[in-house]
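Breakdown of the fold
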Amino acid sequence: MPNSAPVLNWLISMAVSKPSHLPHPSAPSVSAAEARTSLLKRAARDAMDYLEGVDARPVAPTAQAIAALNALRGPLPPGPTSAEAVLHLLHEYGSPATVAKNNGRFFGFVNGGCLPMALAASWLVSAWDQNAAFFVQSPTAITLEEIALEWVRQMLGLPEGTGGAVVTGATMANFTALAAARHALLARAGWDADADGLFGAPPITVVVGEEAHASVLKALGMLGMGRKRVVRVPVDSQGRMRADALPHLDANTILCLQAGNVNSGAFDPASSIIPAARAAGAWIHVDGAFGLWAAASPEYHKWTKGFEQADSWATDGHKWPNIGYDCGIAMVREPEALRAAMSMDAAYLVQGEHREPSYYNPELSRRARGVELWAGLRSLGRSGMAEIVERTSSHARRFAAGLKAAGYEILNDVVINQVLVSFGAAEKTLATIARLQADGTCWCGGTVWQGKTAMRISVSSWATTREDVDRSLAAMLKAAAE
Ligand SMILES: Cc1ncc(COP(=O)(O)O)c(C=O)c1O
């Protein structure tokens, strides 16, 4: 095999040192392919530099790095800029002002990392530039999405025949599944919500737990069902819906349960609630943005038991499975209900014999994000997913034990990967969080849990090691002691 390195180096140096030789982006020429190759190699090298350096830098970007983003401002350029100059700006000013999520010490929100396989797949997806709307536009993307959805179904232990949609996140997954719920319930009552809207429609009652995630309420608002027009069920000390406090449920009810509270990680008691709700004819929706993935682990599966009896589920690929941003998944027991809510007609949109994503998704044109989902799940397998669930949950217990041993109060039962800690009075906890974020070893955010100000630790990244936990714990104790 000839050694291509000198040629590649020459191409890279050409791209870097002689921008004026590159063609205008709108005028492909014989050398356009070479210039593109050179640019992509440079971008790959920048990306690798970034990832290799991410462990040595503070998790939160410095104030200087954020201020330097101003270099990217300015008026719209009157004409083209060379591609390598644009890439240089991105890496020089963009990279340092990112949050270092890939070093395993970002514990904010519920943010996963990105599996190397998912990252590699996303590079390929971008090169493919597929519009994953219709099979005819991308047999590869549509086939992989279909397979990935079936794997998600199997991993989560959902009923055979369940259909789904790959969307941008759990917010849109809640929206998509609840759109199917709304459509199905009203159709049963003889009303076509899509054709006639909600004005004059038979009323639907939506029941949520006091601890329902804000995205469920947002989805209800977007669907015209009202953020505030919900019946709220009281919860217990862990944020679990109280089965004994459920209101009357009937065939005009959508009941929204939660598998994995964003703060405590707790699961609503599905087995005590769903059978009666089903018998009453209610539609049961589950927001399981991260918690549902516990189903993959023999050790943690117990928490998700009973949720498989629901009608629809929302979850995220970009949280616990570490598929990278963005990837949400809506699953619906009766795919026809999803299709009825999401279909669209136009003479040029030809229905083929395949599952056409655009008939199951809110979007028409869409990124082929099912490809990263397929690649990530293929690389993990069931045991790889179980291992992430088990390892991150054990890290969470280690955090809780270390903080407790130092005299701080753990506010939740650490059942999966979420820890809530109070460092004392609200001001002290807030000051500790601020010092920790400024220190840069790791990153945690705050919350208020049942009236008490707390710091949240969400261990969601595949990359977090025992050493990361111990380094971060030491930084937390130092921040609390100052
Ligand atoms: C329980 C729950 N539902 C929904 C969401 C929203 O997810 P996304 O940010 O992917 O839209 C989150 C986010 O953390 C969550 O924890």
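Residues numbered from 1 in each chain as written. Predicted model: local features only at pLDDT ≥ 70, side-chain atom pairs only at ≥ 80, totals over all residues. Heavy atoms only, no water.

Okay, the packing of aromatic side chains next. As enumerated under the stated definition, the model contains nine aromatic pairs in all. Summarising the aromatic geometry, the rings of Phe267 and Phe307 are spaced 6.4 Å apart at their centres and angled 55° between planes, so their arrangement reads as tilted. You can see Phe267 sitting in the loop between strand E4 (253-258) and helix H10 (270-279) and its partner Phe307 sitting in the loop between strand E5 (283-287) and strand E6 (312-316), a full 40 residues away along the chain. In this structure Phe307 comes out as buried when scored by relative accessible area, which is 1%. Measuring from ring centre to ring centre gives 6.3 Å for Phe290 and Trp320, while their planes differ by 80°; the resulting arrangement is edge-to-face. Placement of Phe290 in the loop between E5 and E6 and of Trp320 in the loop between E6 and strand E7 (328-332) is noted, with a sequence separation of 30 residues between them. A residue is classified by how much of its surface remains accessible, and Phe290, at 2% relative accessible area, is buried. Since its relative accessible area comes to 0%, Trp320 is described here as buried. Counting every residue linked through ring pairs, the aromatic cluster contains Phe106, Phe109 and Trp443. (Phe/Tyr/Trp six-rings, centres within 6.5 Å; stacked < 30°, edge-to-face > 60°. Helix = DSSP H or I, 4+ residues; strand = E, 2+ residues; numbered from the N terminus. Buried < 20%, exposed > 50% of the residue type's maximum accessible area, 1.4 Å probe, protein only.)

We now examine the sheet that holds strand E10 (residues 445-449). Strand pairs in the sheet, formed through backbone hydrogen bonds, run parallel or antiparallel to each other. Spatially, four strands are ordered E8-E9-E11-E10 in an open sheet, and the strand pairing comes out antiparallel. Both edges of this open sheet fall to strand E8 (409-410) and E10, since each of them pairs with a single strand only. By the bridge criterion, five bridges tie E10 to strand E11 (residues 452-458) in an arrangement that is antiparallel. The residue of E11 that forms the bridge with Val448 is Thr453. Strand contacts of helix H12 (residues 370-405): E8, strand E9 (418-422) and E11, with the helix running at about 15° to E9, the strand carrying the most contacts. Lying over the sheet, helix H13 (residues 426-439) contacts E9, E10 and E11, oriented at roughly 30° with respect to E11. (Pairing = 2+ DSSP bridges. Contact = heavy atoms within 4.5 Å. Axes fitted to C-alpha atoms, helices over the stretch in contact; angles between N-to-C directions.)

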